[in-house]
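Chain and residue survey
Chain residues, written in single-letter form:
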Amino acid sequence: MSATAQAPTSPPAEVPFSERLKAATWGDHEAAEYHGFTRALMEGTLPLDGYTAMVAQHYFAYVALENLGRALIDDPVAGRFHQPELLRVPALVRDLEHLLGPDFRDRISPSSATRTYVARIEQMADHPEGFVAHHYTRYMGDVSGGQFIRQVAARTYDLTHEGLSFYVFDELGSLPRFRSGYRARLDSLDLTPAAADRLVRETRLAYQLNTEVLADLGRHHAPDAQGG
Ligand code: HEM
């Protein structure tokens with residue numbers, strides 16, 4: 001046995017839950033970030049109809065997420081994440097009206113991957129920490145990498161606020177401050193170890209479901225950029 005192994009060890013300093021969550025799920029983030037569809041989007045080679053199709057799929061997911069958020073508003077865990085300035089459905093409606101016209105609802109439908117994603121979100125009605133996982137995966141992404149997508153989409157498609165208001169969070173104020181406040185909320189959840197594990201696992205699943213939605217979009221709109 002080595003001298004190091006025999007040395008008295010102090011218990012490891014507690015890792016904040018937000019750090020643990022990020023570390024445990026970052027590999028899944030990379031799969032979503034470096035997916036063919038996302039790459040085409042970030043490289044500015046995705047046609048506008050591909051961008052529009054992504055916005056349409058977002059619409060179905062956020063309707064589900066935000067309906068559930070309202071239903072869980074009084075829940076002691078999920079309710080802490082309710083914040084009207086975050087809500088994206090009004091922005092998605094504006095963007096789709098701009099991109100597809102006022103009758104956009106007649107012109108879009110959820111892909112099979114989106115239907116699976118929506119069904120999973122709806123199942124979280126009885127699992128508040130699972131709702132938090134889906135909330136985290138989308139909104140923390142929108143205020144982080146989403147801001148790069150906003151810049152690229154503005155350039156590629158010559159859009160101003162109209163068409164990309166989904167990525168505009170002016171009412172939140174400073175995004176870095178929002179992100180640290182969000183992490184503090186995660187850290188103060190005081191979850192049982194089992195609930196914390198469920199939140200981590202559900203976040204991994206949320207990333208995978210998002211990657212499936214992107215894969216489906218890629219097959220239709222970026223067939224030359226497939227792969228993760
Ligand atoms: C173009 C694609 C993407 C880029 C360039 C990107 C980039 C980034 C960057 C730079 C961060 C900040 C990392 C940090 O704070 O150290 C971040 C965080 C995050 N992204 Fe993405 N991302 C992309 C796609 C996605 C997707 C598709 C999702 C989920 C569906 C997602 C979810 C998240 C989440 C939840 C965080 C917060 C992690 C944390 O701080 O705990 N991202 N992303």
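Below you will find a few notes about this structure. (Residues numbered from 1 in each chain as written. Predicted model: local features only at pLDDT ≥ 70, side-chain atom pairs only at ≥ 80, totals over all residues. Heavy atoms only, no water.)

Moving on, we come to the overall build of the protein. Secondary structure summary: the protein contains ten helices and zero strands in total. Secondary structure elements in the protein, listed N-terminal to C-terminal, are α-α-α-α-α-α-α-α-α-α. For the protein, whose C-alpha radius of gyration is 19 Å, the value lies close to the compact-globule estimate of 17 Å for 228 residues. Counting the 228 residues in the protein, one finds 50% classified as buried. Residue pairs in contact within the protein that sit at least 24 positions apart in sequence constitute 83% of those at least 6 positions apart. With an accessible surface of roughly 11600 Å², the protein has 53% of that area assigned to carbon and sulfur atoms. Distance between charge centroids for the protein: 2 Å, based on 22 positive and 30 negative side chains. (Helix = DSSP H or I, 4+ residues; strand = E, 2+ residues; numbered from the N terminus. Rg over C-alpha atoms; globule rule 2.2 N^0.38 Å. Buried < 20%, exposed > 50% of the residue type's maximum accessible area, 1.4 Å probe, protein only. Contact = heavy atoms within 4.5 Å. Areas by Shrake-Rupley, 256 points an atom, 1.4 Å probe, with all protein chains shown as cover. Lys, Arg positive; Asp, Glu negative; His and termini not counted. Charge placed at Lys NZ, Arg CZ, Asp CG, Glu CD.)

The protein supplies the iron atom of the ligand with one donor atom, H29 (NE2), which lies at 2.1 Å. Examined against the element boundaries, H29 turns out to sit in helix α2 (residues 17-33). (Donors = N, O, S within 2.8 Å, 3.2 Å for Na, K, Ca; no water.)

So, about the packing of aromatic side chains. Applying the stated criterion to the full structure yields nine aromatic pairs. Seen from their ring centres, Y59 and F104 are 5.5 Å apart, and the 90 degrees between their planes marks the pair as edge-to-face. Here F104 lies in the loop between α5 (89-100) and α6 (112-123) and Y59 lies in helix α4 (residues 48-71), a separation of 45 residues in the sequence. Like Y59, the residue F104 is buried in the burial classification. Among the aromatic residues, ring-to-ring pairing joins Y62, Y139, F166 and Y167 into one connected group. Sitting above the plane of the W26 ring, K22 keeps its charged end 5.0 Å from the centroid. The ring of F169 carries R88 above its face, with NZ or CZ at 3.8 Å from the centroid. (Phe/Tyr/Trp six-rings, centres within 6.5 Å; stacked < 30°, edge-to-face > 60°. Lys NZ or Arg CZ within 6 Å of the ring centre and 35° of its normal.)

Approximately 890 Å³ is the volume found for the largest pocket. Around the largest pocket, the lining comprises 37 residues; the ones closest to its centre are H29, G141, D142, G145 and G146. Of all the elements in the fold, those that place two or more residues in the lining of the largest pocket are α2, α3 (36-43), α4, α6, α7 (128-142), α8 (146-157), α9 (175-187) and α10 (193-221). With seven residues, the top contributor of residues to the lining of the largest pocket is α2. Looking at the lining of the largest pocket residue by residue, the class counts come to 17 nonpolar, twelve polar and eight charged. Of the voids in this model, the second largest pocket is the one considered here, and its volume is about 260 Å³. Looking at the second largest pocket, it is lined by 13 residues, and the ones nearest its centre are E14, F17, R20, L191 and A196. Listing elements by their share of the lining of the second largest pocket, those giving two or more residues are α2, α9 and α10. (1 Å grid on protein atoms, 1.4 Å probe; cavity = no way out; pocket = protein on both sides within 12 Å on 5 of 7 lines; lining within 4 Å. Points joined across faces, edges and corners; volume = space filled by probe spheres on them. Nonpolar A, V, L, I, M, F, W, Y, C, P; charged D, E, K, R; others polar.)

All right, on to empty space enclosed by the protein then. According to the stated counting rule, one finds one cavity of 30 Å³ or more in the structure shown. Here the largest cavity defines a volume of roughly 120 Å³. The wall of the largest cavity is formed by 16 residues, among which G69, H82, L87, F131 and H135 lie closest to the centre. Looking at the lining of the largest cavity, the elements with two or more residues in it are α4 and α7. Of the residues contributing to the lining of the largest cavity, the split by class is nine nonpolar, five polar and two charged.

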